[in-house]
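Spelled out, the chains give:
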Amino acid sequence: VVIDKTFTFKKGKSIITVVAVDEKGNKQEKTYLVGFQVTEDPAMVKAEKKADKLFWKVQVGMDYEIDDNPTLDFSSPIDVEGLDIQGVVPDNEQPDNRQSVKATLILGLGKIIGIAGINQTTYAKSENEFLNSLAVYLGAGYRITLDNTRSLLLNFLFLDINVGTGDYSQNQIFSPAFQSSYKDSDGFYRHLFGLDYTIKSFADSNLSAGNQMVWKWEYNSLDAERLDNFKSLIAYGSGNDGTDISKNTYYGIDLDWENRWESGFKWDLGFGLKYINYENEPPLSSEAGLGSVRVDLPFRFSNAFGLQFTDNWYAKFTYDYTLNLSNKNIYVRTIQGISVAGAF
């Protein structure tokens with residue numbers, strides 16, 4: 001359909017709004033800024049140009065959870081032919097309470113963004129003290145705009161991890177990516193194709209430097225009312241943790257839905273599956289049907305519901321279930337608790 005319309009403009013700037021409505025009442029609208037016989041004064045253009053403003057945001061959160069298998073002790077909900085599954089820790093002694101606190105400072109100026117933060121997790125039982133962790137991170141990112149919908153992202157993150165009462169590793173993560181985003185009357189959509197390359201330095205002198213490379217495709221769909229969000233991640237990676245036996249390759253997919261009603265009720269749902277192949281580690285048994293080297297197949301299911309008090313603050317009950325089918329390390333782990341988070 002082509003519609004011709006003649007406009008008569010006066011000298012200067014005018015705004016034209018075009019609205020198209022079909023027979024079912026569906027509507028689309030576009031707005032145009034038209035300049036007619038306009039000559040810009042360079043001094044005025046420079047004065048009108050807005051200077052980049054510094055913005056900041058602080059995100060905080062706290063979790064209190066029950067972890068029924070913090071040590072990933074052997075267990076299986078199904079019979080595995082050829083494997084006698086017996087854990088080291090009795091089932092009734094495995095559960096432990098843990099609490100986590102996290103805080104992140106975000107600073108931005110134009111196309112540059114910086115972050116700094118901490119994340120600490122502490123278990124209640126003294127015998128699980130070796131599982132306590134503290135992560136401190138510092139990073140920066142830069143955006144190169146190609147056009148209205150496409151951009152290049154260059155990100156760097158330094159991550160220091162302490163486990164138990166001592167140092168564990170320092171990680172340098174480089175993350176270049178290409179992002180394509182667009183929006184219509186139904187919402188906002190984003191595709192991100194990127195690489196995460198991590199260099200790992202371990203405190204243990206028996207471990208050499210490790211690395212990890214992950215190719216990823218992230219998709220994000222947010223509805224126009226900014227209430228319902230869908231995220232997916234497809235990834236392929238390879239790496240090691242400082243030993244030959246830890247060398248692995250993996251494929252993974254994650255699907256997550258975040259739904260919120262205008263009343264504030266919040267419901268999040270997620271699934272994930274990975275295939276991890278450890279090329280230099282033999283299995284406990286070759287009768288499990290997963291090949292002659294160690295293979296892990298971790299599956300996750302997450303479910304959470306609660307209230308979104310404001311755009312920045314929420315509280316929810318969380319349930320996370322992980323089942324690792326493997327010919328080396330079979331376990332089931334459930335973590336459930338309360339999570340409160342927000343931003344200033």
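Model, not experiment: these values are computed from the prediction.

Cut-offs and rules
- Residues numbered from 1 in each chain as written.
- Predicted model: local features only at pLDDT ≥ 70, side-chain atom pairs only at ≥ 80, totals over all residues.
- Heavy atoms only, no water.
- Helix = DSSP H or I, 4+ residues; strand = E, 2+ residues; numbered from the N terminus.
- Rg over C-alpha atoms; globule rule 2.2 N^0.38 Å.
- Buried < 20%, exposed > 50% of the residue type's maximum accessible area, 1.4 Å probe, protein only.
- Contact = heavy atoms within 4.5 Å.
- Areas by Shrake-Rupley, 256 points an atom, 1.4 Å probe, with all protein chains shown as cover.
- Lys, Arg positive; Asp, Glu negative; His and termini not counted.
- Charge placed at Lys NZ, Arg CZ, Asp CG, Glu CD.
- Salt bridge = Lys/Arg side-chain N within 4 Å of Asp/Glu carboxyl O.
- Patch = residues over 30% accessible without salt bridge, like charges linked within 9 Å, V, L, I, M, F, W, Y side chains within 5 Å.
- Pairing = 2+ DSSP bridges.

Mind laying out the overall build of the protein, listing which residues take part and the relevant values?
Within the protein, the regular secondary structure consists of one helix and 16 strands. On C-alpha atoms alone, the protein measures out to a radius of gyration of 26 Å, which is more than a quarter above the 20 Å that the 2.2 N^0.38 rule sets for 344 residues. Projected onto its principal axes, the C-alpha positions of the protein cover 85 × 50 × 40 Å. A burial count over the protein gives 33% of its 344 residues as buried. Sequence separation of at least 24 residues holds for 53% of the intrachain contacts in the protein that already meet a minimum separation of 6. Accessible area of the protein: about 22,200 Å², with a carbon and sulfur share of 57%. Each charge class in the protein can be summarised by its mean position, and for the 33 positive and 45 negative side chains these summaries are 14 Å apart.

So, the pattern of salt bridges: which residues are in play, and what are the values?
One pass over the structure, following the stated rule, counts 19 salt bridges. For Arg300, the salt bridge is made with Asp256, and the minimal N-O distance between the two is 2.9 Å. Highlighted residues: Arg300 in strand 14 (residues 294-308) and Asp256 in strand 12 (residues 248-260), separated in sequence by 44 residues. Asp256 sits in the partly exposed class, given a relative accessible area of 23%. Here the salt bridges do not stand alone but share partners, grouping Glu65, Asp67, Arg98 and Arg333 into one network.

Can you explain a negative patch on the surface? Please cite residues and give values.
On the surface, a cluster of negative charge is contributed by Asp184, Asp186, Glu225, Asp228 and Glu262. Mapped onto the elements, Asp228 comes out in strand 11 (residues 228-240).

Run through a nonpolar patch on the surface, naming residues and quoting values.
Judged by side-chain polarity, Trp261, Phe265, Trp267, Phe305, Leu307, Phe309, Phe317, Ile338 and Val340 come together as a nonpolar surface patch covering roughly 870 Å² of accessible area. Listed by contribution, the elements that provide at least two residues to the nonpolar patch are strand 13 (265-278), strand 14 and strand 16 (331-343). Within the element layout of this structure, Ile338 appears in strand 16. Overall, Ile338 belongs to the partly exposed group, its relative accessible area being 42%.

Account for the pairing of strand 1 (residues 12-21), naming residues and giving values.
The side chains of a regular strand alternate between both faces of the sheet. In this sheet, strand 2 (residues 27-36) lies alongside strand 1 in antiparallel orientation, the contact comprising 10 bridges. Bridge pairing links Val19 to Glu29 in strand 2. Counting the residues between successive antiparallel strands, the hairpin from strand 1 to strand 2 contains five residues, one of them, Gly25, with a positive phi of roughly 90°.

How would you summarise the environment of Gly164 if you had to cite specific residues and measurements?
Position of Gly164 among the secondary structure elements: in the loop between strand 7 (150-163) and strand 8 (166-184). Overall, Gly164 belongs to the partly exposed group, its relative accessible area being 26%.

Please give an account of the environment of Thr17 that cites residues and values.
Within the secondary structure layout, Thr17 lies in strand 1. The spatial distance from the C-alpha of Thr17 to the C-alpha of Glu279 is 62 Å, given a sequence separation of 262 residues. With near-sequence residues (within four places) excluded, Thr17 lies in contact with Glu29, Lys30 and Thr31.

Break down the side chain of Asn329 for me, with residues and values.
Position of Asn329 relative to the elements: it lies in the loop between strand 15 (314-326) and strand 16. Note on Asn329: relative accessible area 18%, which makes it buried. Ignoring sequence-local partners within four residues, the contact set of Asn329 consists of Leu72, Phe74, Arg294 and Asn324.

Could you give an account of unusual backbone geometry, with specific residues and numbers?
Unusually for a residue other than glycine, Leu72 sits at a positive phi of about 55°. Looking at the element boundaries, Leu72 is found in the loop between strand 3 (54-67) and strand 4 (96-109). Even without being a glycine, Arg226 presents a positive backbone phi close to 60°. Relative to the helices and strands, Arg226 resides in the loop between strand 10 (210-223) and strand 11.

That's the geometry; what it means functionally is another story.
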